[in-house]
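A closer look at the structure
The residues making up each chain are set out below.
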Amino acid sequence: MMCAATAGARGRRVLLADHADEPGKKILISGGGRCNFTNLHTAADRYLSSNPHFAKSALGRYTPQDFLTLVERHGIAWHEKTLGQLFCDGSARQVVDMLVDECAKAGVTTMLGHAATAIEHRDGCFAVAIGGREYTAPALVLATGGPSIPKLGATGFAYDVARSFGLSIVHPRPALVPFTLGADEALFRSLSGVSAEVEVHWQKVRFREAAVVVAPEGEGALPAPSAPSAMPVPASPSSPSWAPAPPTAAAPPAPEPVSPDACRGRRVYIQIHGPAQQAQAASMRQPWRRLGAVVPPVEDVLASARAAGRAPPAGYARPTILWHDAGSQACARLMAQRLPSPVGGAWQLRALPARLVPTPGTLEVWLPRPDLASAAAGERAGQ
Ligand SMILES: Cc1cc2nc3c(=O)[nH]c(=O)nc-3n(C[C@H](O)[C@H](O)[C@H](O)COP(=O)(O)OP(=O)(O)OC[C@H]3O[C@@H](n4cnc5c(N)ncnc54)[C@H](O)[C@@H]3O)c2cc1C
């Protein structure tokens, strides 16, 4: 995504294809869900590599401060944990949203849910088969990541392509693994559960590590890439529910005042029925962001349904805010108090219908379906 946004910002026409159903899934689990997005003490000599010059040139062109500037431009709150590690105060999703926004700003076309299956180079161009169609381009970037956690979309595709182009591959090995001690290290057994700041030495390499946890084998605190079930994988919030027309739970009255921070870090999906509602929806993004919410690009549910070959959602006759979990309910109330509905009339506040799977921290905002809204207005006018 970073590469696509940068190429787009340089005026290139960019297609970003990913076979996952949402972008940045691995980022979502990074840093225990808060994304350790950079380190203030990053330096080329901290990278162990057979080609140390690579880190020098990469870091010479793009520094931790550059990334921090980008993070701050997107209003993402952060904190330093230990030894220069910077984490989001909120969630790793903010970093994904930032990258999605940067791609959108740079005019990148994103295609999700389609795998790249074959690549050839002919007539000075790369020809890539994606989702049964062929795309050609003079430049191609393969960024399929490391092979860990296939459940999140990781494949060895780029390695296969590299091999098919005659490139030699350094066999990938897991890097984030426990440091296993021999059975005779009885001293460490008694330290089970203790964490400490340590300095690690091995041959000429020496580095400080913020926290090493001593744990019995099989219960290590480090996430081993081969054990996805141990990861704090957040539920996928990428697919806002298709809201049904019949009412479900009515919003309870607000017994206590709403905190001005109720929306901080929550994710608000805005859904519209057709391009005519685009401007109204766009006018809501900034005010919600000012309340601290993350607001992904507006979704036209008619276009999405058409693209997916399914029936459009039933929608609502009135402007509606759905909260997915009890924690997001206060945010719905804050929004309704602070932000008038862009189509007039009061917001209707509801819990996500029980038959849909909630994603904690998520809200959906539905602009009224135009035909339902005019039918309701007609009824009110006694027609
Ligand atoms: C548990 C864990 C915690 C981590 N924590 C941190 C952290 O705190 N800070 C940090 O900096 N890094 C962290 N990392 C590492 C970080 O997540 C990765 O370095 C980063 O995601 C790599 O980005 P990428 O774009 O190269 O690859 P990825 O994020 O893996 O993206 C590759 C994409 O390629 C897609 N893909 C694969 N094959 C195909 C195909 N054939 N067709 C179409 N699409 C395909 C995949 O669906 C995927 O979306 C962590 C990693 C793990 C596993």
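Residues numbered from 1 in each chain as written. Predicted model: local features only at pLDDT ≥ 70, side-chain atom pairs only at ≥ 80, totals over all residues.

Our focus in this paragraph is the overall build of the protein chain. When helices and strands are counted, the protein chain shows 11 helices and 15 strands. In the protein chain, which comprises 383 residues, the proportion classed as buried is 22%. Sequence separation of 24 or more characterises 71% of the internal contacts of the protein chain that already satisfy a separation of 6 or more. (Helix = DSSP H or I, 4+ residues; strand = E, 2+ residues; numbered from the N terminus. Buried ≥ 20, exposed ≤ 12 C-beta atoms within 10 Å, placed from the backbone. Contact = placed C-beta atoms within 7 Å.)

This part is about the nonpolar core. Formed by 27 residues in total, the largest nonpolar core has its most connected members in V268, I270, I321, C331, L363 and V365. Every element with two or more residues in this core is listed here: β11 (267-272), α8 (278-290), β13 (320-323), α10 (326-338) and β15 (362-366). In this structure V268 touches W288, A293, V295, L363 and V365, once residues within four positions along its chain are discounted. (Core = buried A, V, L, I, M, F, W, Y, C linked by C-beta atoms within 7 Å.)

Let's shift gears to the site of the ligand. With respect to spatial proximity, 26 residues lie near the ligand, and among them S30, G31, N36, G145 and G153 are the closest. Every element with two or more residues in the shell around the ligand is listed here: β1 (15-18) and α2 (25-29). Ranked by residues supplied to the shell around the ligand, first place goes to α2 with four residues. Here the residues of the shell around the ligand are counted per class, giving 14 nonpolar, nine polar and three charged. (Near = placed C-beta within 6 Å. Nonpolar A, V, L, I, M, F, W, Y, C, P; charged D, E, K, R; others polar.)

Trans peptide bonds make up most of the peptide bonds, and negative phi angles are found at most residues other than glycine. Its identity is not glycine, yet L83 carries a phi of approximately 50 degrees, on the positive side. Here L83 shows up in the loop between β3 (78-80) and β4 (85-88). Of note in the backbone geometry, I149 takes a positive phi value of approximately 60 degrees without being a glycine. Positionally, I149 belongs in the loop between β8 (133-137) and α6 (157-164).

The five strands lie next to each other as β12-β11-β15-β13-β14, forming an open sheet whose pairing is mixed. Only two strands of the sheet have a single neighbouring strand rather than two, namely β12 (299-300) and β14 (348-351). The pairing of β11 with β15 spans five bridges and is classified as parallel. Within β15, the position partnered with I270 by the bridge is V365. (Pairing = 2+ DSSP bridges.)

Now for the sheet that holds β8. Overall, antiparallel pairing links the three strands, which are arranged β6-β7-β8 in an open sheet. If you trace the sheet from one side to the other, it starts and ends with β6 (116-122) and β8, each paired once. When strand polarity is set aside, the average angle formed by the axes of neighbouring strands in this sheet is 20 degrees. Pairing geometry for strand β7 (residues 125-130) and β8, over five bridges, is antiparallel. Across the sheet, A127 pairs through a bridge with T136, a residue of β8. (Axes fitted to C-alpha atoms, helices over the stretch in contact; angles between N-to-C directions.)

Bringing the packing of helix α1 (residues 2-9) against helix α5 (residues 93-105) into the picture now. Where α1 meets α5, the axes come as close as 8 Å, and the angle between the chain directions of the two elements is 25 degrees. Classified by the interaxial angle, the pair formed by α1 and α5 is roughly parallel. α5 is crossed by α1, and the crossing has left-handed handedness. Judged by residue contacts, M2, A4, A5 and G8 of α1 engage L99, E102 and C103 from α5. For the contact of α1 with α5, a count of residues per class yields five nonpolar, one polar and one charged. (Parallel < 35°, antiparallel > 145°, perpendicular 65-115°, else oblique. Left-handed = near helix turned anticlockwise from the far one by under 90°.)

On average, residues of the protein chain score 82 in pLDDT, and 85% of them are at 70 or above. A low-confidence stretch, residues 219-255 stays under pLDDT 50, and its non-local contacts, those more than four residues away or across chains, total 63 contacts. (pLDDT = per-residue confidence, 0-100.)

Pairing geometry for β13 and β14, over four bridges, is parallel. Bridge pairing in β14 links T320 to Q348. This β-α-β element, β13 to α10 to β14, shows right-handed connectivity. (Right-handed = clockwise from strand over helix to strand, strands pointing away.)

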